[in-house]
Amino acid sequence: MRYNKKMFRQVDITLPFLALLLVCIGLIMISSATQTSPEGWQTPHVQRQMVSAIIGFLLMLVVTFFDYRRFGDYYLFLYGGALALLVLNLFRGAGGVAAQRSISIGPLAFQPSELTKLGVIILLSYILSQEREEISVTALSKCLLGTAVPFLLILQNDLGTSLVFGFILLVMLYIAGFPGFYLLSATGGLVLGVFGWILAHLHWGVWLPLKEYQLMRIIVFWNPGMDPFGYGYHLIQSKIAIGSGNIMGKGLFGGTQSRLNFIPEQHTDFIFSVLGEETGFIGAAILLTIYLLLLLKGLHISFKAKDRFGSLLAAGITGMFGFHIFVNIGMTMGVFPVTGLPLPFVSYGGSALTTNLLAIGVLLNIHMRRQKIYF
Amino acid sequence: MERRIKIGGLICIVIFSLLLLRLGQLQIIHGEDYNRLSDSNRIENRPIPAPRGRIFMQKNGEPIIAVSNRLAYSASVIPANIPPGELERICQELGRLLDMDPSEIEERIANAQRPLPVRIKRNLTSQQLLLIEENLSMLPGVIIEKIPIRDNVYGSLAAHLLGYVGEVSLAEISRFEGYRSGDLIGKNGLERYYESYLRGVDGVRQIEVNAHRMEIATLGGRDPQPGADLFLNIDLELQKVAEQVLEEKILELQELAEEDEELLGGPTGGAFIAMEPNTGKILAMASYPTFDLNLFAGGIAREELEKLQNNYHRPFLDRNLQITPAPGSTFKVVSGLAVLKDLSVSKTRNVTSCSGTFSLGPQEWKCWRDGGHGNLTFFEALAHSCNVAFYRWGYELHNEGNDTIQQVARDFGFGHLSGIDLPNEKAGIVPDRNWKMDNLVGPWVPGDSVNMAIGQGDLQSTPLQLVNMINTIANGGYLMQPYIVDRVVDLNGEILFEGKPQVIKTPDISRDLIETMQTALVEVTEYGTGLRGFGDFEPRVAGKTGTAQTVPGQANHGWYAGYVPADNPEISFVVFLEHGNDSGFAVDVGRAFLEHYFPQEEEAIEE
């Protein structure tokens, strides 16, 4: 454990402050989104989210005590451990329940896929930090393999989360200096390939490793009116909610779309729709600004990091946040297909919240140890 | 590396700018459209059915409520709220919970006018209500409504007169303005005749619903306006008595008929009408068999309705004005007047004789008394209801070459609608030369006049026309318009309509002859066919019996038409026993009724 008092003077409270702000906004929106029953005040979701937040902030604090470079030393152990939890959970889930994504420890349920994201980021950061500007084929292969395993394990149940792994890989390869042209062509090729695959599936019935609902979500993204009461419903109602918020919003706890249950999953994946409806353009723009500041701060930490490992770690975490934010908000406004990605710090969900706060802790850690003078 | 991180930051700023633009597009540019969409998501207008006007009878001159409304729970479906593809499942489920045929429910929803709620079952039992409420979350589009339904305080009392309500048929929607499918409308009786007054104006309730289309809050609306109330001339106690005495006699005769084959099965129904002589107000009007109006309160089940419709005795038929049997000898009041008017017979001397038969060429008619009545005065002929005397007079009138009987009959209301304030009245038939040519394609022969003189042949009249006939004698020669509703009063106490006594016609018969007929009708009671029934009755009853022949093999109809007291009539009445075999039984019914109206002291001592 290497730290001293001077190090804590280097602590930049901007990041935890932004996280705290987001958590508070989240708590308010969750309490509004869960007031759908006409009988009295409902608080269980808010209470559970508060507990998760407290645990998350404690973890954030604890993780700053360990030098982040230790993560590099134990990268295989951390990655392997996260992956083992994931596999264990998949086997349990294979018992039949489709939505089985969590592991229960006493009263707490934890989704290992959240932790796996951090595991992959640490793995990639370590492998790529060992390379200089030119990334070797061996390293690239390791990276691809390390990402592909969780990607494929999760793909079956949760398309959105597996895409997070792909995006993390993309971001980190880019930051590590992989030639932009190849990255762009590979990504573009992949997107076109998948698009073609889907078209082939629709026209000629070619096999596709997607479930019916996953495919439908992509199709209704192009044409929400096709199935307005089925797969298009979420999207239409979410857009109505946000749009009807106008500039000032309908007021906290005054959103009719949310209060009357027109928005599905409104305290988790579609919490932004509630915020958009109740606080209007002003509230939504403020939230977007906070997220932008958070991401820029994350990139700033990556920029200032002492070593290549820290830089990649910070960029990977920031990329993870960015992807979640963009995909989630884009989805509620109909600019991205509906996936099951929560909005970081705001959506209800303990695993994601604690993991995200833990990740903030890692960023703080990197930031605290940015100057060589302390070592 | 540093450069790439900076580019990353730039990308973030660009993406967030795009999101912000999209946000502005949704919330600012299209904000109003989305506002409307969110309102149409959550706001629904649901109609509040207006309670129908109440119906009051009289009791000791005071109004007493006979038909009112009560709140009931209805299981209703809002078709627009049923998720696509769910219709069949919901119909199955509702059918199971309500014990109805799912295809019937589906049919009703298909025929509905959107977006109104379709009331699948209007009067839920508490158990059904509970079942539906418990399963409501599994039944999207199904709501429970509180609606007013008809409450007939006395059940089957005056069922034909009051009538019932039901959902408008497609034919009615196209015939009457302002009705939409699912609305209620009076189907018959007063409910039908006064529909425009009784029907109120539906209100509307603007409510907020959640995504499951379940009601969350009331936002506003307009109260329904109840329909106007009817105040009837019908006297509750007289109506009860009339129905009771009629039913008792018919049941008694039906029981007798089980052992006595001569009764040919006993009566199949009956009618009783009581009228106020000087005004034409209907005081009581009973038709048997009857049915329970409350069966219709929540909409009658199909099989139950079919059971009633297919009943051999036809309980829905109002035997006061929807059947036209031959009046039989009661019609001798009319033919008697024609005789007095045209044949200038002496009132005191013997003017005719009866040997038991009347022959005309090869045809022979019999008097009802074997062996005949011997020599008779006009009064005696009428009092004993001697057929031969009237055959002869009918033939004589025929030879005169005019149709005085028809004229008098029409003057007394036969052959056309009385104009009573009830729907589906029948006019009956007064046959004459033209009618026979048109309808039976044959010339009018002497036998037709002979038959008509005793109220047989092709002559047809409703019991209502007979009470109107006897009433014209009772009040000294005014054919009154019978009416049931005294006034229609709206919620604010304003009188919208007032029934007034109206003289339809003053028959072309001199006052003198009317008084002669009044005397004759008293003599019927003093020594004639009314003696057995009313001879000892105080006050004196005037009236005429009648036994009308029907088709061979079926029992005759029994009639009695009279008024009381004979010298200053307070009430005119008619009794009709369908296939009642003998007028004597009709007299019994009349007597039983009058005993309630004028309690008989002797009677009490005898018992």
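Residues numbered from 1 in each chain as written. Chains lettered and ligands numbered in written order. Predicted model: local features only at pLDDT ≥ 70, side-chain atom pairs only at ≥ 80, totals over all residues. Heavy atoms only, no water.

Visitor: Help me out: how do you make sense of the overall build of chain B in this one?
Guide: For chain B, the count of helices and strands is 22 helices and 23 strands. Taking 607 residues into account, the globule formula puts the C-alpha radius of gyration at 25 Å, and chain B, at 33 Å, lies well above it. On the principal axes, the C-alpha backbone points of chain B span a range of 145 × 55 × 50 Å. Buried residues in chain B amount to 55% of all 607 residues. Sequence separation of at least 24 residues holds for 70% of the intrachain contacts in chain B that already meet a minimum separation of 6. For chain B, the exposed area adds up to about 26600 Å²; of that, 48% sits on carbon and sulfur atoms. (Helix = DSSP H or I, 4+ residues; strand = E, 2+ residues; numbered from the N terminus. Rg over C-alpha atoms; globule rule 2.2 N^0.38 Å. Buried < 20%, exposed > 50% of the residue type's maximum accessible area, 1.4 Å probe, protein only. Contact = heavy atoms within 4.5 Å. Areas by Shrake-Rupley, 256 points an atom, 1.4 Å probe, with all protein chains shown as cover.)

Visitor: Looking at this structure, how should I read the overall build of chain A?
Guide: When its secondary structure is counted, chain A shows 15 helices and two strands. In chain A, buried positions account for 54% of the 375 residues. Nonlocal contacts in chain A, meaning residues at least 24 apart in sequence, comprise 71% of its contacts between residues at least 6 apart. As displayed, chain A offers around 16300 Å² of accessible surface, 70% of which is attributable to carbon and sulfur atoms.

Visitor: Would you take a moment to explain the sheet that holds strand β23 (residues 571-578) of chain B for this structure?
Guide: Sheets are built from strands paired through backbone hydrogen bonds, the pairs being either parallel or antiparallel. All names here are of chain B. The strand order β12-β11-β23-β22-β21 describes an open sheet built from five strands, whose pairing is antiparallel. Lying at the two open borders of the sheet, with one neighbouring strand each, are β12 (282-288) and β21 (542-548). Each strand of the sheet is rotated relative to its neighbour by a mean of 5 degrees, with strand direction disregarded. As paired elements, strand β11 (residues 269-275) and β12 share six bridges and run antiparallel to each other. Bridging across to β12, Phe272 finds its partner in Ala286. (Pairing = 2+ DSSP bridges. Axes fitted to C-alpha atoms, helices over the stretch in contact; angles between N-to-C directions.)

Visitor: Is there a simple way to explain the interface of chain B and chain A in this structure?
Guide: Frequently, the measure chosen for interface size is the accessible area removed from exposure when the parts meet. Listed per partner, the contact involves 36 residues of chain B and 49 residues of chain A. Between chain B and chain A, roughly 3600 Å² of surface is buried when both sides are summed, and carbon and sulfur atoms account for 73% of that area. On the chain B side of the contact with chain A, Met1(B), Arg4(B) and Gln27(B) bury the most area, a combined 21% of that side's loss. Inspection of the chain B/chain A interface yields one salt bridge. A salt bridge links Arg259(A) to Glu208(B); the nearest nitrogen and oxygen atoms lie 3.2 Å apart. Where chain B touches chain A, the interface holds 12 residue pairs in polar contact (both at pLDDT 80 or more). If you list the elements that add at least two residues to the side of chain B that touches chain A, you get α1 (2-29), α2 (31-42) and β8 (203-209) of chain B. Counting residues per element, the side of chain B that touches chain A draws most heavily on α1(B), which supplies 19 residues. (Buried area = accessible area lost by both parts, 1.4 Å probe. Salt bridge = Lys/Arg side-chain N within 4 Å of Asp/Glu carboxyl O. Polar contact = N/O pair within 3.5 Å; in protein donor to acceptor, adjacent residues only side chain to side chain.)

Visitor: Would you mind showing me how to read the packing of helix α12 (residues 332-342) of chain B against helix α18 (residues 463-474) of chain B here?
Guide: Residues and elements named next belong to chain B. Relative orientation of the contacting elements α12 and α18 amounts to 50 degrees, with a least axis distance of 10 Å. In terms of their interaxial angle, α12 and α18 are classed as oblique. Contact with α12, carried on its side by Val333, Val334 and Leu337, involves Met469, Ile470 and Ile473 of α18 and no other residues of that element. (Parallel < 35°, antiparallel > 145°, perpendicular 65-115°, else oblique.)

Visitor: Before we go on, may I ask you to explain the packing of α12(B) against helix α19 (residues 511-527) of chain B in this structure?
Guide: Axis angle and axis distance: for two packed helices, these are the angle between their axes and the distance between the axes, and together they describe the pair. Residue and element names in this part refer to chain B. For the pair α12 and α19, the least separation of the axes is 10 Å and the interaxial angle reads 135 degrees. As judged from the angle between their axes, α12 and α19 are oblique. In terms of crossing hand, the pair formed by α12 and α19 is right-handed. Two secondary-structure elements touch here, α12 through Lys332, Val333, Gly336, Leu337, Leu340 and Lys341 and α19 through Leu513, Thr516, Met517 and Leu521. (Left-handed = near helix turned anticlockwise from the far one by under 90°.)

Visitor: Would you take a moment to explain the nonpolar core for this structure?
Guide: Generally speaking, nonpolar side chains in soluble globular proteins are found buried as a group. In this structure, Phe272(A), Tyr291(A), Leu313(A), Phe321(A) and Phe345(A) are the most contacted members of the largest nonpolar core, which totals 100 residues. Of all the elements, helix α13 (residues 271-304) of chain A adds the most residues to this core, at 16 residues. In contact with Phe272(A), other than residues within four places in its own chain, are Ile242(A), Ala284(A), Leu287(A), Asn328(A), Ile329(A), Thr332(A), Met333(A), Leu343(A) and Leu23(B). Counting 99 residues, the second largest nonpolar core, distinct from the first, contains Ile234(B), Val339(B), Phe390(B) and Ala520(B). (Core = buried A, V, L, I, M, F, W, Y, C linked by side-chain atoms within 4.5 Å.)

Visitor: Which parts of the structure should I look at to understand the packing of aromatic side chains?
Guide: For any pair of aromatic rings, the description consists of the separation of the ring centres together with the inter-plane angle of the planes. Considering all chains together, one arrives at 35 aromatic pairs over all chains under this definition. Note on Phe378(B) and Phe379(B): the rings are 6.1 Å apart at their centroids and 70 degrees apart in plane angle, and the pair reads as edge-to-face. Phe378(B) gets classed as buried once you look at its relative accessible area, which sits at 0%. Members of the aromatic cluster, each reached through a chain of ring pairs, are Phe272(B), Phe534(B), Phe537(B), Tyr560(B), Phe573(B), Phe593(B), Tyr597(B) and Phe598(B). The aromatic ring of Tyr174(A) is capped on one face by Arg4(B), whose charged end is 4.4 Å from the ring centroid. Lying over the aromatic face of Phe231(B), Arg487(B) brings its terminal NZ or CZ to 4.3 Å of the ring centre. (Phe/Tyr/Trp six-rings, centres within 6.5 Å; stacked < 30°, edge-to-face > 60°. Lys NZ or Arg CZ within 6 Å of the ring centre and 35° of its normal.)

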